[in-house]
Amino acid sequence: MTVSIKHISAMSLFVEDLQAAKIFYQDVFGVTVLFEDEASVAVKFDNLIINLLRVQNAREIVEPGGVATREAGHRFQLSIWVPDIEAVCAELEKHGVKLLNGPITRPWGMRTANFVDPAGHSWEVGQRVVPK
């Protein structure tokens, strides 16, 4: 292939409650809204746009496949690496985010904590640790 497709520019997350998702992402991550209409809200992370798309509108972009429900379980996880996981977890809790687990020191050299957004998308914050 002569054209690289290794750079991820945007990711769409399917949500049931668009306004709750928008408020969560603005409050927890401090992201800027780039675009908003009745069907979606696009927010800007450093090098990635996340499009929060209503489940009802997501069906047309994944047809003939279906859109899984939140209750179907986690389908992927988004990770953010941070320099101080304890400080980030404390800040998440100030925003009302309930950690599912962590911080936990993992055998692969990361200390991680996990939480979900209002639509059930799994997020991980992780800090690289030096093995003892």
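Residues numbered from 1 in each chain as written. Predicted model: local features only at pLDDT ≥ 70, side-chain atom pairs only at ≥ 80, totals over all residues. Heavy atoms only, no water.

Participant: I would appreciate a short explanation of the pattern of salt bridges in the present structure.
Facilitator: Counting across every chain of the model gives 3 salt bridges. Across the pair Lys22 and Glu36 runs a salt bridge whose closest N-O atoms are separated by 2.9 Å. Residue Lys22 is located in helix 1 (residues 18–29), and its partner Glu36 is located in strand 2 (residues 32–36); the two are separated by 14 residues in the primary sequence. The class of Lys22 is buried, set by a relative accessible area of 15%. What makes Glu36 partly exposed here is its relative accessible area of 36%. Between Arg111 and Glu86 there is a salt bridge, with its nearest N and O atoms 3.0 Å apart. In this pair, Arg111 sits in strand 7 (residues 110–116) while Glu86 sits in helix 3 (residues 85–94), placing the two residues 25 residues apart along the sequence. (Salt bridge = Lys/Arg side-chain N within 4 Å of Asp/Glu carboxyl O. Helix = DSSP H or I, 4+ residues; strand = E, 2+ residues; numbered from the N terminus. Buried < 20%, exposed > 50% of the residue type's maximum accessible area, 1.4 Å probe, protein only.)

Participant: I tried to follow the sheet that holds strand 2 on my own but got confused; where do I start?
Facilitator: In any sheet, the strands associate via hydrogen bonds between backbone groups, in a parallel or an antiparallel arrangement. With respect to topology, 4 strands assemble into an open sheet ordered 1-4-3-2, the strand pairing being mixed. At either margin of the open sheet sits one strand with a lone partner, and together these are strand 1 (10–15) and strand 2. The sheet shows a mean angle of 25° between the axes of neighbouring strands, taken without regard to direction. Note that strand 3 (residues 40–44) and strand 4 (residues 49–54) share 5 bridges and pair antiparallel. Looking at the pairing, Ser40 lines up with Leu53 of strand 4. Where helix 1 meets the sheet, it contacts strand 1, strand 2, strand 3 and strand 4, and its direction lies at approximately 160° from that of strand 4. (Pairing = 2+ DSSP bridges. Axes fitted to C-alpha atoms, helices over the stretch in contact; angles between N-to-C directions. Contact = heavy atoms within 4.5 Å.)

Participant: I tried to follow the packing of aromatic side chains on my own but got confused; where do I start?
Facilitator: Aromatic ring pairs are described here by two measures, namely the spacing of the ring centres and the angle between the planes. Per the stated rule, a full pass over the model turns up 9 aromatic pairs. Between Tyr25 and Phe29, the ring centres sit 5.4 Å apart and the planes meet at 35°, which makes this aromatic pair tilted. Placement of both Tyr25 and Phe29 in helix 1 is noted, with a separation of 4 residues, approximately one turn of the helix. Given the relative accessible area of 0%, Tyr25 is considered buried. Geometrically, the ring pair formed by Tyr25 and Trp123 is edge-to-face, given 6.0 Å between the ring centres and 65° between the ring planes. In this pair, Tyr25 is assigned in helix 1 and Trp123 in strand 8 (residues 122–128), connecting sequence segments 98 residues apart. Through pairs of rings, three or more aromatic residues link up here, namely Phe24, Tyr25, Phe29, Phe45, Phe115 and Trp123. For Arg128, the ring lying beneath its charged end belongs to Trp81, and the centroid distance is 5.6 Å. (Phe/Tyr/Trp six-rings, centres within 6.5 Å; stacked < 30°, edge-to-face > 60°. Lys NZ or Arg CZ within 6 Å of the ring centre and 35° of its normal.)

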